[in-house]
Amino acid sequence: MTKIKKVLIANRGEIALRVIRSCKDLKIPTVAVFSTADKNSPHVAFSNEAICIGPPASKSSYLKIPSIITAAEISGANAIHPGYGFLAENAEFAKICEESNIIFIGPSSSIIGLMGNKSEARKTMTRAGVPVVPGSKGNIDSFEDLKKIVKKIRYPIIIKASSGGGGKGMRIVRNDAELKNNFEMAKSESQNAFNDASVYVEKYIEKPHHIEVQLLGDNYGNIVHIGERDCSMQRRHQKIVEESPSPILDDEKRKAILEMAVKGAREVKYNSAGTMEFIVDKDLNFYFMEMNTRIQVEHTVSEMRSEMDLIAKQIRIANGEKLKMKQKDINLRGHAIEVRINAENPSQGFMPSPGKIKKLNLPGGFGIRIDTFVHAGYEIPPHYDSMIAKLIVYGETRYLAINRLNRALDEFYIDGINTNISFLKELINTPAFLQGNYNTHFVEDFLSGKN
Ligand code: MV4
């Protein structure tokens, strides 16, 4: 590395380990940061240095910008990888890094800021010629303004927080009687949750598919895609199963979505690993939803199909290197599926189930990858996300990948805590999943006995 000398990882759990591993492959020393609750976590042991940044609560540790910048300065790390979650899409944090001469391993802070405002992102993509759902041009100025737009696009509609995203601060409205109240509620909820009352409106697409495109852009305007992922299997906006390619797209539709994603990324001169997210209706019309300016949990399925280390690419881009490969050099093969293993209890409303892992058997064999940070004897702290492992399988075909996923889930054994492993087995053996015919409401419908 010519510029990056040492990387601080501003995260925990499996993604902290994942980043450390890529740094080791690139021969870059690493600095872990940890809260007191994580002092026995593997990311602390597997990094070259580790610095405690505060007590368990995220806002006092992994979200505390001054402590993280100080840790970088003390350790001499001149780059920070934010992982996903926590500070990964915090434009202010990225800007502070830029101003402190610390390389933020992600896109420019201005791009994070632009895409973080969902109505600005919509405007930007409209300008680029990327299809967006019919709706308001920008924020809604008044109730009169809203009524005018609704008259044009008709019910059902969805009101969204401009500073929201990922499903937070949305309200679906189906008739005039509910409009005024929902508009007022949406604004006050947005104000409370995001300190920004601005909202925008879109036509509500019933039971859409969620398809996203993995992108890589460098500092010199080169942009490639690494195929799409279908993330429609989700519950309460938390993805559960992600797969690539999407089982609902034909080659022509796939090409159209992938090209639009690249077009959108070009518009903002995207310069890191990132994702363009689309919703797809039952007639396969697709619309831009949001752009995620981070490496995502599910990047691994794209890695399995492309045989590319996306985090290594992301680090090289931040180091100022050019993307050498052209689109034609990226060969996507076979089928990959990821399932998220969570410490939670499906029979108690998926309530988190932290605690000590007494016994652990991880699956293995051909076509299996596991990204985790837990081991037998590890105590899962109660303060963070319940995801404890990702199981990723690869097969030449979707059928073979599902077969392997069943084999791996049968070998997966965790004693001491509750997990969603049995629930995952049920889900992937439903006719809808086996046929590749499921949308974003499938899990909810399945749980309420509609399937
Ligand atoms: C929508 C939509 C339908 N129509 N937008 C949810 C997460 C965020 N990325 C966007 N989301 C949605 N946006 C329009 N115009 C449906 C969803 C959506 C959803 C909405 C309500 C309840 C559950 C949902 C699950 C998946 C997607």
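Attention in this report is confined to the structure presented alongside it. (Residues numbered from 1 in each chain as written. Predicted model: local features only at pLDDT ≥ 70, side-chain atom pairs only at ≥ 80, totals over all residues. Heavy atoms only, no water.)

**Considering the pattern of salt bridges**
Tallied over the full model, the rule gives 34 salt bridges. The residue Glu-303 makes a salt bridge to Arg-18 at a minimum N-O spacing of 2.6 Å. Here Arg-18 lies in helix H1 (residues 13–25) and Glu-303 lies in helix H10 (residues 299–306), a separation of 285 residues in the sequence. Its relative accessible area of 5% is what places Glu-303 among the buried residues. A salt bridge links Arg-254 to Glu-228, with the shortest nitrogen-to-oxygen separation between them at 2.8 Å. Within this pair, whereas Arg-254 is found in helix H9 (residues 251–267), its partner Glu-228 is found in strand S10 (residues 223–235), the two being separated by 26 residues in sequence. Side by side, Arg-254 and Glu-228 carry an identical accessibility label, which is buried. One continuous salt-bridge network, built from bridges that share partners, spans Glu-212, Arg-229, Lys-239, Glu-242, Glu-298 and Arg-340. (Salt bridge = Lys/Arg side-chain N within 4 Å of Asp/Glu carboxyl O. Helix = DSSP H or I, 4+ residues; strand = E, 2+ residues; numbered from the N terminus. Buried < 20%, exposed > 50% of the residue type's maximum accessible area, 1.4 Å probe, protein only.)

**Topic: the packing of helix H12 (residues 398–411) against helix H13 (residues 421–428)**
Axis separation between H12 and H13 bottoms out at 10 Å; the angle between their running directions is 160 degrees. The pairing of H12 with H13 is recorded here as roughly antiparallel in orientation. Crossing of H12 against H13: the hand is left-handed. Across the interface between the two elements, Ile-402, Leu-405, Asn-406, Leu-409 and Asp-410 from H12 touch Ile-421, Leu-424, Lys-425 and Ile-428 from H13. Class assignment for the residues of the contact of H12 with H13 results in six nonpolar, one polar and two charged. (Axes fitted to C-alpha atoms, helices over the stretch in contact; angles between N-to-C directions. Parallel < 35°, antiparallel > 145°, perpendicular 65-115°, else oblique. Left-handed = near helix turned anticlockwise from the far one by under 90°. Contact = heavy atoms within 4.5 Å. Nonpolar A, V, L, I, M, F, W, Y, C, P; charged D, E, K, R; others polar.)

**Points about the site of the ligand**
Every one of the 20 residues lining the ligand counts as a neighbour, but Lys-160, Glu-202, Lys-203, Ile-205 and Glu-277 are closest to it. Interatomic distance of 2.9 Å between a side-chain N/O atom of Lys-160 and a nitrogen atom of the ligand. For the ligand, whose unbound accessible area comes to 530 Å², protein coverage reaches 88%. The set of elements that each furnish at least two residues to the shell around the ligand consists of strand S6 (157–165), strand S7 (168–173), strand S8 (199–203), strand S12 (273–280) and strand S13 (286–292). Tallied by class, the residues present in the shell around the ligand amount to nine nonpolar, six polar and five charged. Both domains that furnish three or more residues to the shell around the ligand are identified here as domain 2 (134–203) and domain 3 (209–447). (Near = heavy atom within 4 Å. Polar contact = N/O pair within 3.5 Å; in protein donor to acceptor, adjacent residues only side chain to side chain. Areas by Shrake-Rupley, 256 points an atom, 1.4 Å probe, with all protein chains shown as cover. Domains from an automatic or database assignment.)

**Section: the sheet that holds S13**
The antiparallel open sheet is built from eight strands, whose spatial order is S13-S12-S9-S10-S11-S14-S21-S19. Across the chains shown, the open sheet's two edge strands, defined by having one partner strand only, are S13 and strand S19 (368–372). The average angle at which neighbouring strand axes cross in this sheet is 25 degrees, direction not considered. In the sheet, strand S9 (residues 209–217) pairs with S10 via six bridges, with the strands oriented antiparallel. Across the sheet, the residue bridging to Val-213 is Glu-228, located in S10. Contacts between helix H6 (residues 118–128) and the sheet are confined to S12 and S13, with S13 contributing the most and set at about 125 degrees to the helix. (Pairing = 2+ DSSP bridges.)

**Focus: the pairing of S6**
As a general feature of sheets, a regular strand has side chains that alternate between the two faces. With eight of nine residues buried, S6 lies mostly within the body of the structure. The pairing of S6 with S7 spans five bridges and is antiparallel. By the bridge assignment for S7, Lys-160 is matched with Met-170. The hairpin turn running from S6 into S7, its antiparallel successor, is two residues long, and Gly-166 in that turn takes a positive phi close to 60 degrees.

**A few points about the nonpolar core**
Judged by nonpolar contacts, the single largest core of 39 residues is most densely connected at Ile-341, Ile-388, Leu-391 and Leu-409. Taken together, the elements giving at least two residues each to this core come down to strand S11 (238–244), strand S14 (335–342), S19, strand S21 (387–395), H12, H13, helix H14 (431–435) and helix H15 (442–447). Not counting residues within four places of it along the chain, the set of residues in contact with Leu-391 comprises Ile-337, Glu-338, Val-339, Pro-363, Ile-368, Arg-369, Ile-370, Leu-405, Ala-408, Leu-409 and Phe-412. If you look at the next biggest cluster of nonpolar residues, it comprises 31 residues, including Ile-15, Ala-16, Val-224 and Met-325. (Core = buried A, V, L, I, M, F, W, Y, C linked by side-chain atoms within 4.5 Å.)

**What to know about unusual backbone geometry**
In this structure, Pro-156 follows Tyr-155 across a cis peptide bond, with omega equal to -5 degrees. If you trace the backbone, Pro-156 turns up in the loop between helix H7 (143–153) and S6. The step from Ser-244 to Pro-245 runs through a cis peptide bond, and the omega angle for that step is 0 degrees. Checked against the element boundaries, Pro-245 lands in the loop between S11 and H9. If you check the backbone angles, Arg-154 has positive phi at about 65 degrees while not being a glycine. Position of Arg-154 among the secondary structure elements: in the loop between H7 and S6. Its identity is not glycine, yet Arg-236 carries a phi of approximately 50 degrees, on the positive side.

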